[in-house]
Amino acid sequence: MTEPLIFELGAPGRSSSFMPECDVPVAPVEEMIPGGLLRRTPPPLPEVGEPEAARHFTRLSAYNHGVDTGFYPLGSCTMKYNPKINEFAARLPGFARLHPYQPEDQVQGALELIYRTGGYLGEITGMDHFTLQPAAGAHGEFTGLLIIKAYHDSRGDTGRRKVIVPDSSHGTNPATAALCGMEARQIKSNGRGLVDIDALRGALGEDTAAVMLTNPNTLGLFEKDITVIAGLVHRAGGLLYCDGANMNAILGITRPGDMGFDLIHLNLHKTFSTPHGGGGPGSGPLGVKSFLEPFLPTPVVAYSAEGGSYRLDCNRPLSIGRVRSFYGNFGVAVRAYTYIRAVGGEGMREISQNAVLNANYLLALLRGTYRAPFDRFCMHEFVATPPAGFKEAGLHTVDIAKRLMDYGYHPPTVYFPLIVEEALMVEPTETESRDTLDKFAEAMLKIAREGLEEPRLVKEAPHSTPVSRPDEVTAARKPVLRWQPAGGGGVV
Ligand SMILES: *Cc1c(COP(=O)(O)O)cnc(C)c1O
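What you see is a predicted model; the values in this text were computed from it and never measured. (Residues numbered from 1 in each chain as written. Predicted model: local features only at pLDDT ≥ 70, side-chain atom pairs only at ≥ 80, totals over all residues. Heavy atoms only, no water.)

### What about the pairing of strand S2 (residues 162-166)?
Here's step 1: Counting buried residues along S2, four of its five residues qualify, which places the element largely inside the surrounding structure.
Here's step 2: Between S2 and its parallel partner strand S3 (residues 183-187), the chain crosses via helix H7 (residues 172-179), and the hand of that crossover is right-handed.
Here's step 3: As judged from the three bridges shared by S2 and strand S4 (residues 208-213), these two strands associate in the parallel manner. When the sheet's bridge partners are listed, Lys162 is paired in S4 with Thr208. (Buried < 20%, exposed > 50% of the residue type's maximum accessible area, 1.4 Å probe, protein only. Helix = DSSP H or I, 4+ residues; strand = E, 2+ residues; numbered from the N terminus. Right-handed = clockwise from strand over helix to strand, strands pointing away. Pairing = 2+ DSSP bridges.)

### Points about the sheet that holds strand S10 (residues 382-384)
Here's step 1: Read across the sheet, three strands follow the order S10-S12-S11 without closing on themselves; strand pairing throughout is antiparallel. Looking at strand neighbours, the two that pair on one side only are S10 and strand S11 (413-414), the edges of this open sheet.
Here's step 2: The pairing of S10 with strand S12 (residues 424-426) spans three bridges and is classified as antiparallel. Bridge pairing links Phe382 to Val426 in S12.

### Details of the pattern of salt bridges
Side chains carrying opposite charge are able to pair once their charged atoms draw close together.
Here's step 1: Scanning all chains against the criterion turns up 20 salt bridges.
Here's step 2: A salt bridge links Asp198 to Arg201; the nearest nitrogen and oxygen atoms lie 3.1 Å apart. One end of the pair, Asp198, and the other, Arg201, are both in helix H8 (residues 197-203), three residues apart, so they sit about a helical turn from each other.
Here's step 3: Among the ionic pairs, Glu472 bridges to Lys402, the shortest N-O distance being 3.5 Å. Taken as a pair, Glu472 in helix H15 (residues 472-477) and Lys402 in helix H12 (residues 397-406) lie far apart in primary sequence, 70 residues in all.
Here's step 4: Relative accessible area serves as the criterion here: at 53%, Glu472 is assigned to the exposed category.
Here's step 5: Each of the salt bridges in this network shares a partner with another, and the network as a whole consists of Glu293, Asp313 and Arg316. (Salt bridge = Lys/Arg side-chain N within 4 Å of Asp/Glu carboxyl O.)

### Some remarks on the environment of Ile264
Here's step 1: Position of Ile264 relative to the elements: it lies in strand S6 (residues 263-266).
Here's step 2: According to the relative accessible area criterion, Ile264 is buried, its value standing at 0%.
Here's step 3: Residues Ile264 and Gly75, 189 residues apart in the sequence, show an inter-C-alpha distance of 20 Å.

### Notes on the site of the ligand
Here's step 1: Every residue near the ligand is listed here: Ser76, Ala136, Gly137, Ala138, Glu141, His170, Thr172, Asp243, Ala245, Asn267, His269 and Lys270.
Here's step 2: One of the backbone nitrogen or oxygen atoms of Ala138 is found 2.8 Å away from an oxygen atom of the ligand.
Here's step 3: Lys270 has a polar side-chain atom sitting 2.7 Å from an oxygen atom of the ligand.
Here's step 4: Surface burial for the ligand is 85%, taken as the share of its 380 Å² of free accessible area covered by protein chains.
Here's step 5: When residues of the shell around the ligand are assigned to their parent elements, the largest contribution, three residues, is made by helix H6 (residues 137-154).
Here's step 6: Across the shell around the ligand, the residue classes tally to three nonpolar, six polar and three charged. (Near = heavy atom within 4 Å. Polar contact = N/O pair within 3.5 Å; in protein donor to acceptor, adjacent residues only side chain to side chain. Areas by Shrake-Rupley, 256 points an atom, 1.4 Å probe, with all protein chains shown as cover. Nonpolar A, V, L, I, M, F, W, Y, C, P; charged D, E, K, R; others polar.)

### As for the environment of Ile320
Here's step 1: Here Ile320 lies in the loop between strand S9 (309-313) and helix H11 (330-366).
Here's step 2: The contacts of Ile320, once residues within four sequence positions are left out, are Thr143, Leu146, Ile147, Ala150, Phe295, Leu296 and Pro297. (Contact = heavy atoms within 4.5 Å.)

### A closer look at the packing of H6 against H7
Any two packed helices are characterised by how steeply their axes cross, that is the angle between the axes, and by the distance between the axes.
Here's step 1: The interhelical angle for the contact between H6 and H7, taken along N-to-C directions, is 45 degrees, at an axis separation of 9 Å. In terms of orientation, H6 and H7 fall into the oblique class. Two packed elements cross with a definite hand, and for H6 against H7 that hand is right-handed. Here H6 contributes Ala138, Glu141, Phe142 and Leu145 to the contact with H7, which in turn contributes Thr172, Asn173, Thr176, Ala177 and Leu179.
Here's step 2: Partitioned by chemical class, the residues of the contact of H6 with H7 number five nonpolar, three polar and one charged. (Axes fitted to C-alpha atoms, helices over the stretch in contact; angles between N-to-C directions. Parallel < 35°, antiparallel > 145°, perpendicular 65-115°, else oblique. Left-handed = near helix turned anticlockwise from the far one by under 90°.)

### Notes on the side chain of Thr208
Here's step 1: By the secondary structure assignment, Thr208 is in strand S4.
Here's step 2: Here Gly205 takes part through its backbone nitrogen, which lies 2.8 Å from a polar atom of the side chain of Thr208.
Here's step 3: Those residues in contact with Thr208, other than ones at most four positions away along the chain, are His152, Arg160, Lys162, Ile164, Ala203, Gly237 and Gly238.

### Some thoughts on the sheet that holds strand S7 (residues 286-288)
Here's step 1: Spatial strand order, S1-S7-S6-S5-S4-S2-S3: seven strands in an open sheet with mixed pairing. Edge positions in the sheet fall to strand S1 (129-131) and S3, since each has one partner strand and no second. Strand-to-strand, the axes of this sheet are offset by a mean angle of 25 degrees, without reference to chain direction.
Here's step 2: Pairing of S2 with S3 involves five bridges; the strand directions are parallel. Its bridge partner being in S3, Lys162 is matched across the sheet by Glu183.
Here's step 3: Here helix H5 (residues 108-125) sits on the sheet and contacts S1 and S6; the angle it forms with S1, its principal contact strand, is near 125 degrees.
Here's step 4: Sheet strands in contact with H6 are S2, S4, strand S5 (239-244), S6 and S7, and its direction is about 170 degrees off that of S5.

These figures capture arrangement, not role.
Right under this line is the structure:
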């Protein structure tokens, strides 16, 4: 790092604290803390002035690339612009200052919001009931698979422990199966990038708990045989789970519930306009058909028409139990509710129409220079591979991604899905203008030329960031997470 660490900016006596002397009587420290635990010398804390600290962290924050600073075509992640009205709503004191232990009669508005958001998500996806407890997409999958297991077990069908996933699936799908004590079984995609029906038929059996699918799948392609697939899975006694992390292609156009899916999780922090990246908070609500409703995690928000009031229902004998403390990331639900209400039904459909249009427009601009392994209309995202001649020049997808940073763009998703070698997965989203898409395509085409004419320029990119290419392996294996004062071993 060329930057000094914040602690190194300081010097003894440069304090940032302006606390007045305590003027209420307190017991001497020796009386409150056992003698053996007291320090004999003050800790060697660095002392930094408040202006230096504020400038340091503000400068670091500006190094971040976010949807509010630039185009962010990170496939599968739906990094769309999030309208600021959602933030306003989530910050309203009536929502933001609630305490999770407040009695039900004081939080009727919050319970109503949870209840109604579940209802809207049900209408959008074609499901009967939703829980908003899961805190992320993978957590929604976890909740879903526990419900599937509980359902089979409740019928005495206890041998169903296999979860079938296509080889294009998101890594969380097989990981979730393993976490739930089940076994993932992968099936190959066919030459068109879709589920191979014969391979599926061969994998289904009496041990099948569920099939997990993403539709449109992670190649940005719609599984057109989905109703045939649903029939096969159900006839084999399994359930069909939809990984709906990314619904941006089908809002208001078609519904997983109508395609034959029994459960779905959504990522509110992708499709429903909550900022994400950097670890959260997120929300991965899970929707189910009514026959699975008894298994939903407790508590469920229930409405009583008689009293016109909402309550938390914990008396649910078949429930899988709690999956999270309290009721989920409530602030994210407020944002999704605001977004859904602001956009409306017609608006939902327009979101998807524009998301699909933008992806196809960009694909059309890049096609011919970049190669598309499945070269036909895409949904909300597409997968491309590097231009001809790049491999011979020693250039790879990662080099294109790094060079894009010099042009001010966040790179697309790279090396996913795993079944496409050197994959670049681009999702422009509906919130970008044609002008932005044109400029991004221009940069991509320029990099294609640079790679052939001046390969080192691309190979050594980025040239404009404070750190060029970090050693990602060492960073993951030996992370430097803590600063220690000089004499204490320096940075460890
Ligand atoms: C993002 C994503 C997930 C995981 O969601 P998290 O909130 O990161 O746990 C699962 N499946 C697909 C298809 C995704 O795009």
